[in-house]
Each structure stands twice: as C-alpha cells, then as structure tokens.
Amino acid sequence: MRRAHREKLRLCDALEKLADALPNVDRLQCLGVANTIVPLLREIHRYEETVVFPAYEAALTLAESKLASTNRLRAEHLEDECYADELTEALLAIGHGDRIENAEAVGFMLRGFFESVRRHIAFEREHILPRIGLGGF
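Enquirer: I keep staring at the confidence of the model for the chain and nothing clicks. Help me out?
Expert: Considering every residue of the chain, the mean pLDDT works out to 92; 98% of them sit at 70 or more. Mean pLDDT in the chain bottoms out at helix α3 (residues 62-65), which sits at 72, and peaks at helix α1 (residues 2-21), which reaches 96.

Enquirer: Mind showing me how you'd approach the packing of helix α4 (residues 69-95) against helix α5 (residues 103-128) here?
Expert: Helices that pack against each other are described as a pair by the angle of their axes relative to one another and the distance between those axes. With their axes 10 Å apart at the nearest point, α4 and α5 run at an angle of 150° to one another. What the angle tells us is that α4 and α5 run roughly antiparallel. Where α4 crosses over α5, the two elements pack in a sense that is left-handed. In the contact of α4 with α5, the residues fall into 15 nonpolar, five polar and five charged.

Enquirer: So what exactly am I meant to see when it comes to helix α2 (residues 27-59) here?
Expert: Taking 1.5 Å of rise per residue, the 33 residues of α2 would be expected to cover 48 Å, and the 46 Å separating its terminal C-alpha atoms lies within 8% of that figure. The sharpest bend along α2 comes to roughly 40°, located at E48.

Enquirer: I'm lost on the pattern of salt bridges in this one. Help?
Expert: When the charged atoms of two side chains with opposite charge come close together, those side chains can pair. All told, the structure shown has 10 salt bridges when counted by the stated rule. The salt bridge involving R3 is made with E43; its shortest N-O contact spans 3.5 Å. One end of the pair, R3, is in helix α1; the other, E43, is in helix α2, and 40 residues separate them in sequence. Judged by its relative accessible area of 48%, R3 falls in the partly exposed class. Salt bridges here are not isolated pairs; linked through shared partners, they connect D13, E16 and R118.

Enquirer: Explain the layout of surface pockets here, please?
Expert: The rolling of a water-molecule-sized probe over the atoms marks out the regions of remaining empty space. Its volume calculated, the largest pocket comes out at about 170 Å³. The wall of the largest pocket is formed by Y56, E57, L60, E64, S65, L67, A68, S69, T70, F123, H127 and R131. Of all the secondary structure elements, the ones that give two or more residues to the lining of the largest pocket are α2, α3, α4 and α5.

Enquirer: Got a minute to help me understand the side chain of H77 in this structure?
Expert: The topology assignment puts H77 in helix α4. By relative accessible area, H77 is classed as buried at 1%. There is a polar contact of 2.6 Å between the side chain of H77 and the side chain of E48.

Rules used throughout
- Residues numbered from 1 in each chain as written.
- Predicted model: local features only at pLDDT ≥ 70, side-chain atom pairs only at ≥ 80, totals over all residues.
- Heavy atoms only, no water.
- pLDDT = per-residue confidence, 0-100.
- Helix = DSSP H or I, 4+ residues; strand = E, 2+ residues; numbered from the N terminus.
- Axes fitted to C-alpha atoms, helices over the stretch in contact; angles between N-to-C directions.
- Parallel < 35°, antiparallel > 145°, perpendicular 65-115°, else oblique.
- Left-handed = near helix turned anticlockwise from the far one by under 90°.
- Nonpolar A, V, L, I, M, F, W, Y, C, P; charged D, E, K, R; others polar.
- Expected span 1.5 Å × (residues − 1).
- Bend = angle between axes of the 7 residues up to and from the residue.
- Salt bridge = Lys/Arg side-chain N within 4 Å of Asp/Glu carboxyl O.
- Buried < 20%, exposed > 50% of the residue type's maximum accessible area, 1.4 Å probe, protein only.
- 1 Å grid on protein atoms, 1.4 Å probe; cavity = no way out; pocket = protein on both sides within 12 Å on 5 of 7 lines; lining within 4 Å.
- Points joined across faces, edges and corners; volume = space filled by probe spheres on them.
- Polar contact = N/O pair within 3.5 Å; in protein donor to acceptor, adjacent residues only side chain to side chain.

Structure below.
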C-alpha cells in the first residue's frame with residue numbers, strides 16, 4: 001500500500017504541475033502522464049479491492065461492517081477510472097499539439113481529479129490501514 005500511495009501521489013503531483021503551468025504545459029509531459037493514469041489506477045484499484053478491502057472488512061466489528069465504507073470506496077474507484085479516461089483524452093490531445101482553448105477548464109479538470117485522489121488516500125491512511133496493521137504512514 002505504501003508503494004501504491006506513493007505512485008498515486010506522484011501522479012497527483014505531476015497533474016498539479018501541469019495544472020500550474022497552464023496554458024504553457026510541456027506537451028511531452030502531457031503524453032507521459034496520459035499514458036500512465038489509467039493503467040496505474042486500474043492496477044492499484046484491483047489490488048485494493050482484492051487484498052486490502054477484504055482484510056479491512058475482516059477486521060471490522062459487526063456494527064462497523066454496516067457502514068459500507070468499502071462500497072463507497074469501490075464506487076470512487078469507478079468514478080476515478082471514468083474521470084481518468086477523460087483526463088487521458090484531454091492530455092493526449094494537448095500532447096499531440098491541440099491548442100488549449102480554455103486553460104481554466106482544463107486546470108479545473110486536473111485539480112478536481114488529483115484532489116479527489118488525495119482525499120481517497122487520506123481516508124485509507126486514517127481509517128483502513130490502521131485497522132489492517134499498516135498504520136503509521
């Protein structure tokens with residue numbers, strides 16, 4: 001999980017750097033990030049859903065198991081992957097030379113994604129990882 005969080009935070013940092021540089025972004029960096037987003041998220045989400053979430057659910061008390069936190073996190077995974085697809089298309093277009101018509105909208109799109117991912121990581125670090133013995137990040 002430490003590696004997964006590190007990789008997702010590195011992606012968030014790259015996206016934030018792009019957002020801060022708009023409209024004068026490094027097109028090669030756009031291509032690199034675009035080609036990383038979806039495969040990285042899918043790999044990490046698969047790991048969380050098959051290893052981390054079952055361990056967390058097994059550690060919950062009966063009352064806590066009714067809270068459905070992992071169901072919400074799984075839904076966030078789907079939303080993040082859909083959003084990542086849209087970001088990939090936008091970054092590929094920019095990377096291939098398309099003009100950035102509305103830098104503010106692109107920046108909003110980038111920031112919305114990486115802020116959501118950072119919140120997801122914060123929740124996992126505060127609530128899930130301590131329950132499965134991986135606290136102390």
